[in-house]
Amino acid sequence: MTLAVHVPEELSARVPAEQRGPGLDRDAVRLLVSRGTEVSHHAFVELPRLLRAGDLLVVNTSPTLAAAVDGRIGHARVVVHFSTRGDDRRWAVELRDPDEKGTTRARAGGPAGTRVRLPGGGRLVVEEPLSTPSGRLWWARASGADILGVLREHGRPIRYSYTERDQPLSVYQTVFALPSPDGSGSAEMPSAARPFTARLVAELVSRGVQFAPITLHTGVASAEAHEPPYPERFTVPEPSARLINAVKAADGRVVAVGTTAVRAVESAAGPDGVVRARAGWTDLVVTPERGVRVVDGLLTGLHEPEASHLLMLEAVAGRAAVDRSYEEALRGLYLWHEFGDVHLILPEERPHTEHCSSNSW
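What counts and how
- Residues numbered from 1 in each chain as written.
- Predicted model: local features only at pLDDT ≥ 70, side-chain atom pairs only at ≥ 80, totals over all residues.
- Heavy atoms only, no water.
- Helix = DSSP H or I, 4+ residues; strand = E, 2+ residues; numbered from the N terminus.
- Rg over C-alpha atoms; globule rule 2.2 N^0.38 Å.
- Buried < 20%, exposed > 50% of the residue type's maximum accessible area, 1.4 Å probe, protein only.
- Pairing = 2+ DSSP bridges.
- Core = buried A, V, L, I, M, F, W, Y, C linked by side-chain atoms within 4.5 Å.
- Axes fitted to C-alpha atoms, helices over the stretch in contact; angles between N-to-C directions.
- Parallel < 35°, antiparallel > 145°, perpendicular 65-115°, else oblique.
- Left-handed = near helix turned anticlockwise from the far one by under 90°.
- Contact = heavy atoms within 4.5 Å.
- Nonpolar A, V, L, I, M, F, W, Y, C, P; charged D, E, K, R; others polar.
- Arc of directions from axis to C-beta.
- Phe/Tyr/Trp six-rings, centres within 6.5 Å; stacked < 30°, edge-to-face > 60°.

A.B. asks: Would you explain the overall build of the protein in this entry?
C.D. replies: The helix and strand tally for the protein stands at 7 helices and 16 strands. Taking 2.2 N^0.38 as the reference for a compact globule, 361 residues should give roughly 21 Å; the C-alpha atoms of the protein span a radius of gyration of 20 Å, in line with that estimate. Projected onto its principal axes, the C-alpha positions of the protein cover 70 × 40 × 35 Å. Looking at the 361 residues of the protein, the share that counts as buried comes to 55%.

A.B. asks: Looking at this structure, I do not really get the pairing of strand β12 (residues 232–236). What am I missing?
C.D. replies: Taken residue by residue, a regular strand's side chains alternate between the two faces of the sheet. Burial along β12 is one-sided: the face carrying E232, F234 and V236 is buried and the face carrying R233 and T235 is not. Across 2 bridges, the pairing between strand β11 (residues 210–216) and β12 is antiparallel. Of the residues in β12, the one forming a bridge with T215 is T235. With 5 bridges joining them, β12 and strand β14 (residues 278–282) adopt antiparallel strand pairing. In the sheet register, E232 faces β14, and the bridge partner there is T282.

A.B. asks: Could you clarify how one ought to interpret the nonpolar core in this entry?
C.D. replies: Here is a general trend for soluble globular proteins: nonpolar side chains tend to be buried in one another's company. Counting 41 residues, the largest nonpolar core has V58, V236, I244, V275 and W336 as the members making the most contacts within it. The set of elements that each furnish at least two residues to this core consists of β3 (56–60), β11, β12, α4 (238–249), β13 (254–257), α5 (259–267), α6 (309–317) and α7 (319–331). It is α6 that provides the largest number of residues to this core, a total of 5 residues. Core analysis: the next-biggest nonpolar cluster, separate from the first, contains 31 residues, A67, L130, L148 and A187 among them.

A.B. asks: So what exactly am I meant to see when it comes to the packing of α5 against α6 here?
C.D. replies: A pair of packed helices is characterised by two quantities: the angle between their axes and the separation of those axes. Where α5 meets α6, the closest approach of the two axes is 11 Å, and the angle between their N-to-C directions is 65°. Put simply, α5 runs roughly perpendicular to α6. Judged by the twist between their axes, the crossing of α5 over α6 is left-handed. Residues T259, V262 and R263 of α5 pack against H309, M312 and L313 of α6. Considered class by class, the residues forming the contact of α5 with α6 number 3 nonpolar, 2 polar and 1 charged.

A.B. asks: How should unusual backbone geometry be read in this particular structure?
C.D. replies: Glycine aside, a negative phi is what most residues show, and trans is what most peptide bonds show. Here the phi dihedral of D251 falls at roughly 65°; this positive angle occurs in a residue that is not glycine. Structurally, D251 is set in the loop between α4 and β13. Not every positive phi belongs to a glycine, and H337 is a case in point at roughly 80°. Inspection of the secondary structure assignment puts H337 in the loop between α7 and β16 (342–346).

A.B. asks: Got a minute to help me understand the sheet that holds β14 in this structure?
C.D. replies: The pairing of strands in a sheet happens through backbone hydrogen bonds and is either parallel or antiparallel. Strand order in the open sheet formed by 9 strands is β2-β1-β16-β15-β13-β3-β11-β12-β14, and the pairing between neighbours is mixed. One side of each edge strand has no neighbouring strand; the edge strands of this open sheet are β2 (38–43) and β14. Strand-to-strand twist across the sheet, computed as the mean angle between neighbouring axes with direction ignored, equals 20°. Where strand β15 (residues 297–301) and β16 come together, 4 bridges link them in antiparallel fashion. What sits directly across from G301, in β16, is V342. Set on the sheet, α6 makes contact with β15 and β16; between it and β16 the angle comes to about 30°. On top of the sheet, α7 reaches β1 (30–35), β2, β15 and β16; it is set at about 40° to β2, its chief contact.

A.B. asks: Would you take a moment to explain helix α3 (residues 198–206) for this structure?
C.D. replies: Each α-helix turn comprises 3.6 residues. Residues three or four places apart therefore point the same way. Taken residue by residue, α3 has L200, V201 and L204 as its buried positions. Buried residues of α3 fall within an arc of 100° about the axis and therefore sit on the same side. Away from its buried face by more than 90 degrees, α3 exposes A198, R199 and S206. Elements in contact with the buried residues of α3: α1 (47–50), β3 and β11.

A.B. asks: Whenever I open this one, the packing of aromatic side chains confuses me. Can you help?
C.D. replies: A ring pair, where both rings are aromatic, is described by two values, the distance of the centres and the angle of the planes. Inspection of every chain in the model, using the stated rule, returns 7 aromatic pairs. Ring centres 5.2 Å apart and planes at 85° place the aromatic pair F44 and F196 in the edge-to-face group. Of this pair, F44 sits in the loop between β2 and α1 while F196 is found in the loop between α2 (147–154) and α3, placing the two residues 152 residues apart along the sequence. What makes F44 buried here is its relative accessible area of 0%. Among the residues examined, F196 registers a relative accessible area of 1% and is labelled buried. Ring centres of Y172 and F339 lie 5.5 Å apart, and the angle between their planes is 50°; this geometry places the pair in the tilted category. With a gap of 167 residues between them, Y172 in the loop between α2 and α3 and F339 in the loop between α7 and β16 connect regions that are remote in the sequence. Like F339, Y172 is buried.

Have a look at this one:
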C-alpha cells in the first residue's frame, strides 16, 4: 500500500515534545482519532476519556539499545547499526556512511568478507545478506568484543537526518520499557508508546483500562527502502495471553500500542483467534489479505506514504479509513516520525451502542 500523499519536510518532528517549550512533557503531542472514515482531533492527554472501562492496551516492554556505533573499514569511516542478534550469536547489521551532519546515509551492503574495526578493539566480519530485497542488512560475526558491551560503552541511539541533534538514550525509552534478562532490546524505539507518562498510565488504570505487556525487539527500520519487516524476536507471556482472551470474551476492545504489539499478538493467535503464550521468532507480515484475528484498534505514529506498516493499518481499519485519516493529518499539520503526533484507530461504533457522555466523541 502506497498513499498518494506527500509529507512536507517541515512536518518532521525534529525534537521530542518535552523539548519544544517550558513545562511540556512527553504527552504534549496531538492525537488523531479515526473510526472508519470519521476523524476527530484531540490532545494525547485526552486518551483516558477516549477509551472506556474494559478496554485493553497491549504494550511493548522492549528497551531501546544504543545501537549505532562508529567503525572503520580500512581508513574509511562507517556507522554500524546493530539490528538483531541471532541465535548463533551473529548480528544483523546495516553499514551506513556518516553524512557529516551527525547522521548517516545509505550505503551498499557487503560484500561478504568485509571487516569492520569497532571501538575497543573488536572486529566484525560481514558474512551473508539477510533475505531482504535491498541487501542492506547482513549477518556479521564479532570477534574480540561482546557487542552488547560495545553498545553500552560506545553506542548511541540510532537517529535519522530529520532530527535536529543527538539525544540521550533515556529520550528513546518508553515508560513501559523493562530490562531484558539477557541485555537484548530494540534497535529502534517502539515509538507509539513514547507519549505515555506515568501520570497518564495511572489515570487510565483508574478509569478501568487494562494493560497487557508483550515484548518484541524491533530491528532497524528501512529508512530509504521501506521493506516489509523481517523476523524479530518476541514474547507473549501467559498472563497477557489470558487477559487478552478474557477481554475478547467480555466484548472488550483490544488496542495495540504500536505495530510491534500487533505483530506479537497476531503471531501468538491461532486461526480461532485465541491467543496462546508464545516466545521465539516471528516472520508474520500483517496485510489486508491476512487480516487481524485479535486486535480491534491500534495506537500508532504517522508513517511515511511508502511505509510497509501502512498495510497493517489497512488490515485493521480498511483502505478508505487510512486514506481519510492521512488526508486529515496532512491538512491538520500533524508531526511525523518517532517524536511526532499519534493516531488512534478504533472500530466503528455499532448504531445501537450507547455510552455515557464522557466517552462519546
